[in-house]
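In case you want the letters, here they are:
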Amino acid sequence: ITEAGGKIIYRERMPVPGAMWQPWRRLLGESGGARAHFFDNPVVDIGSTRVAPLICYEQLLVWPILHSIFHDPDMIVAVGNGWWTEGTS
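Described below are features of the structure shown in this document. (Residues numbered from 1 in each chain as written. Predicted model: local features only at pLDDT ≥ 70, side-chain atom pairs only at ≥ 80, totals over all residues. Heavy atoms only, no water.)

Here we come to the sheet that holds strand β1 (residues 44–46). The strand order β1-β2-β3 describes an open sheet built from three strands, whose pairing is mixed. Edge strands, defined here as strands with exactly one partner in the open sheet, are β1 and β3 (75–79). Across the sheet, the mean angle separating the axes of adjacent strands is 40° when strand polarity is ignored. Bridging between strand β2 (residues 49–55) and β3 involves five bridges; their strand directions are parallel. Of the residues in β3, the one forming a bridge with Leu54 is Ala78. (Pairing = 2+ DSSP bridges. Helix = DSSP H or I, 4+ residues; strand = E, 2+ residues; numbered from the N terminus. Axes fitted to C-alpha atoms, helices over the stretch in contact; angles between N-to-C directions.)

Across three bridges, β1 lies against β2 in antiparallel orientation. Bridge pairing in β2 links Ile46 to Thr49. Linkage of β1 to β2, two consecutive antiparallel strands, is achieved through a turn of two residues, within which Gly47 is found at a positive phi near 65°. At this point the chain moves from β2, through helix α2 (residues 62–70), to the parallel β3, and the crossover so formed is right-handed. (Right-handed = clockwise from strand over helix to strand, strands pointing away.)

As a further point, take α2. Burial in α2 covers these residues: Pro64, His67 and Ser68. End-on, the buried residues of α2 take up no more than an arc of 95°, which puts them together on one face. For α2, the exposed residues set more than 90 degrees away from the buried face come down to Val62, Leu66 and Phe70. Looking at the buried side of α2, the elements it contacts are β2. (Buried < 20%, exposed > 50% of the residue type's maximum accessible area, 1.4 Å probe, protein only. Arc of directions from axis to C-beta. Contact = heavy atoms within 4.5 Å.)

Pasting the structure below:
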């Protein structure tokens, strides 16, 4: 994001099936649900640094991690939301 505007540099490759990713909605003529971008943007360039972003559920799967590593990132940035783990061990 800059004063000139913003652009999307990363789309989640594997949203949570059922909760976020609902591919059957399109078949039923309904809207909503996140889209899966399985083979998109395994790394993004931030300045001169190649970053492999992993968002939440993608950190639990082998595919997004291997896909990113194959593209030789300088670093991995993994972000997640742990609110659902509250009160668990």
